[in-house]
Amino acid sequence: MSLRLGDIAPNFQAKTTAGDIDFYEYLGSGWGVLFSHPADYTPVCTTELGKTALLQQEFAKRNVKVLAVSVDPLDKHVGWVKDINETQNCKVDFPIIADEDRKVANLYGMIHPNSSENFTVRSLFVIGPDKKVKLTITYPASTGRNFVEVLRVIDSLQLTANYSVATPADWKGGEDVIVVPAVSTEDAIKKFPKGVKVVKPYLRYTPQPNVE
Ligand code: BEZ
């Protein structure tokens with residue numbers, strides 16, 4: 001059975017380009033992104049890891065640790081990272097797991113045998129400080145993921161966790177957010193001093209609470 005939203009993300013120990021790690025220790029009390037790619041020395045994967053490296057500060061600002069995984073061996077990861085850095089003008093600083101025995105891939109359901117027997121698909125999990133799965137996405141090997149969208153979802157998740165707000169379709173940072181249904185309009189007016197716009201009793205907007 002694959003992992004679903006709200007499930008506990010399983011812990012594991014693994015060999016990575018940054019040494020041996022315990023996943024929970026690596027995450028500490030912050031957020032995490034664990035994502036798989038099909039194989040080293042492939043073009044789409046090269047751009048994905050490069051983009052993630054270029055966004056490293058954005059992940060760090062949000063207290064998110066990133067961890068990549070494929071079933072390739074460590075020496076292959078190490079050689080490929082040099083190519084990623086060279087071709088994508090970046091510095092890959094996050095660990096890449098060498099999951100040769102597929103321990104992590106199997107724990108997280110990253111191998112979809114009807115797509116490929118041998119390689120992980122493009123799975124991505126966002127994990128909260130409570131170690132619960134907050135987002136899962138799965139892309140085919142031929143489509144690179146949008147890591148700016150992953151950051152957007154993390155922004156939304158962190159707003160919900162900290163301020164009891166949700167985000168509307170196509171929301172971008174700085175735009176108005178939605179008061180969650182669990183908060184009454186009376187309480188919302190007290191809770192959100194920037195104001196509450198009531199469009200319908202169930203559709204209430206407020207300016208994003210954590211921006212000036
Ligand atoms: C790629 O990363 O380019 C790729 C990997 C596996 C299959 C197809 C494309």
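Just so we're clear, the structure is a prediction, and the values are computed from it rather than from any experiment.

Engineer: So what exactly am I meant to see when it comes to the site of the ligand here?
Structural biologist: For the ligand, the full set of nearby residues is P38, T42, P43, V44, C45, R122 and A141. At a separation of 3.2 Å, an oxygen atom of the ligand approaches a polar backbone atom of P43. Within the backbone of V44, a nitrogen or oxygen atom sits 2.6 Å from an oxygen atom of the ligand. With 3 residues, the top contributor of residues to the shell around the ligand is helix α2 (residues 43-54). Split by residue class, the shell around the ligand holds 5 nonpolar, 1 polar and 1 charged.

Engineer: Is there a simple way to explain the side chain of E48 in this structure?
Structural biologist: Relative to the assigned elements, E48 resides in helix α2. Residue E48 is classed as buried on the basis of its relative accessible area, which comes to 2%. Contacts of E48, omitting those with residues within four sequence positions, involve H37, R122, T143, G144, R145 and F147.

Engineer: Looking at this model, I keep getting lost on the nonpolar core. Mind explaining?
Structural biologist: Generally speaking, nonpolar side chains in soluble globular proteins are found buried as a group. Residues V33, F35, F59, F94 and V126 are the most contacted members of the largest nonpolar core, which totals 27 residues. Elements that contribute at least two residues to this core include exactly β3 (31-36), α2, β4 (64-70), α4 (74-88), β6 (122-127) and α6 (147-163). If you tally residues by element for this core, the top one is α6, at 6 residues. Residue contacts for F59: discarding those within four places in its chain leaves V33, T52, V64, V66, F147, V150, L151 and I154. If you look at the next biggest cluster of nonpolar residues, it comprises 20 residues, including A9, L67, V104 and V133.

Engineer: Quick question: what am I supposed to make of α2 here?
Structural biologist: Think of an α-helix as 3.6 residues a turn; residues three or four steps apart then line up on the same face. With 12 residues, α2 extends 17 Å from end C-alpha to end C-alpha; this agrees with the ideal 16 Å at 1.5 Å per step. Among the residues making up α2, those that are buried are C45, T46, E48, L49, G50, T52 and A53.

Engineer: Please explain the layout of surface pockets as it appears in this structure.
Structural biologist: Which parts of space are left empty comes out when a probe the size of a water molecule is rolled across the atoms. When its volume is computed, the largest pocket comes out at roughly 200 Å³. Per element, the largest residue contribution to the lining of the largest pocket is 5 residues, and it comes from α6. Tallied by class, residues from the lining of the largest pocket come to 4 nonpolar, 6 polar and 3 charged.

Engineer: Quick question: what am I supposed to make of the packing of α2 against α4 here?
Structural biologist: Packing of α2 against α4 brings their axes to within 9 Å, and their N-to-C directions diverge by 70°. Classified by the angle their axes make, α2 and α4 are roughly perpendicular. From α2, C45, T46, T47, L49, G50 and L54 reach across to α4, where they touch W80, I84, T87 and Q88.

Engineer: For this particular structure, what's the right way to read the domain arrangement of the protein?
Structural biologist: It is common to give the size of an interface as the accessible area lost on bringing the parts into contact. Its domain assignment divides the protein into domain 1 (13-145) and domain 2 (163-206). Once you take the C-alpha centre of each, domain 1 and domain 2 turn out to be 34 Å apart.

Engineer: What is the right way to read the sheet that holds strand β11 (residues 203-206) from this model?
Structural biologist: Pairing between the strands of a sheet is mediated by backbone hydrogen bonds and can be parallel or antiparallel. Ordered in space as β8-β9-β11-β10, the 4 strands form an open sheet in which the pairing is antiparallel. At either margin of the open sheet sits one strand with a lone partner, and together these are β8 (165-166) and β10 (197-200).

Engineer: Would you explain the environment of F35 in this entry?
Structural biologist: With respect to the helices and strands, F35 occurs in strand β3. Classification of F35 by relative accessible area gives buried; the value is 0%. Between the alpha carbons of F35 and R122 there is a distance of 7.0 Å; along the sequence they are 87 residues apart. Each residue touching F35, except ones within four places of it in the same chain, is listed here: L49, T52, V66, L67, A68, V69, F94, S123, L124, R145 and F147.

Engineer: What is the right way to look at the pairing of β4 in this model?
Structural biologist: The side chains of a regular strand alternate between both faces of the sheet. For β4, the buried fraction is high: 6 of the 7 residues fall into the buried class. Strand direction decides the pairing type here: β3 and β4, joined by 6 bridges, are parallel. Note on β4: the bridge partner recorded for F35 is A68. In this structure, β4 lies alongside strand β5 (residues 96-98), joined through 3 bridges in parallel fashion.

Conventions we followed
All residue numbers refer to position in the chain's written sequence, counted from 1. Local features in this predicted model are restricted to residues whose pLDDT is 70 or higher, and side-chain atom pairs enter the listing and the counts only when it is 80 or higher, whereas totals over whole chains, interfaces and linings include all residues. Only hydrogens and water are set aside when side-chain values are computed; all heavy atoms of the structure are taken into account. Residue proximity to a molecule or strand is established when one non-hydrogen atom of the residue lies within 4 Å of it. We call two N or O atoms a polar contact when they sit within 3.5 Å, provided that within protein one can donate a hydrogen and the other can accept it, with sequence-adjacent residues counted only if both atoms are side-chain atoms. Labels follow the DSSP assignment, with helices taken as runs of H or I lasting at least four residues and strands as runs of E lasting at least two, numbered in each case from the N terminus. Each residue is assigned to one of three groups, with Ala, Val, Leu, Ile, Met, Phe, Trp, Tyr, Cys and Pro labelled nonpolar, Asp, Glu, Lys and Arg labelled charged, and all others, Gly among them, labelled polar. Between buried and exposed lies partly exposed: a residue is buried under 20% and exposed over 50% of the maximum accessible area for its type, with that area taken using a 1.4 Å probe on protein chains only. In this description, contact between two residues means that some pair of their heavy atoms is separated by no more than 4.5 Å. We define the nonpolar core as a collection of buried residues of types Ala, Val, Leu, Ile, Met, Phe, Trp, Tyr and Cys that are connected through side-chain atoms lying within 4.5 Å of one another. In this analysis, the expected span of each helix is defined as 1.5 Å times one less than the number of residues it contains. Think of a 1 Å grid over the protein atoms and nothing else: a 1.4 Å probe that fits but is trapped marks a cavity, an open set flanked by protein within 12 Å on at least five of seven lines marks a pocket, and residues with an atom within 4 Å of a point count as lining. Grid points are joined across faces, edges and corners, and a volume is the space filled by probe spheres set on the points. Lines fitted to C-alpha atoms define the axes here, with helix axes fitted over just the stretch in contact, and angles between the N-to-C directions of these axes take values from 0 to 180 degrees. Angles below 35 degrees are treated as roughly parallel, those above 145 as roughly antiparallel, those between 65 and 115 as roughly perpendicular, and all remaining angles as oblique. Segmentation into domains, and thus their bounds, comes from an automatic or database assignment. Here, strands pair whenever DSSP counts at least two bridges between them.

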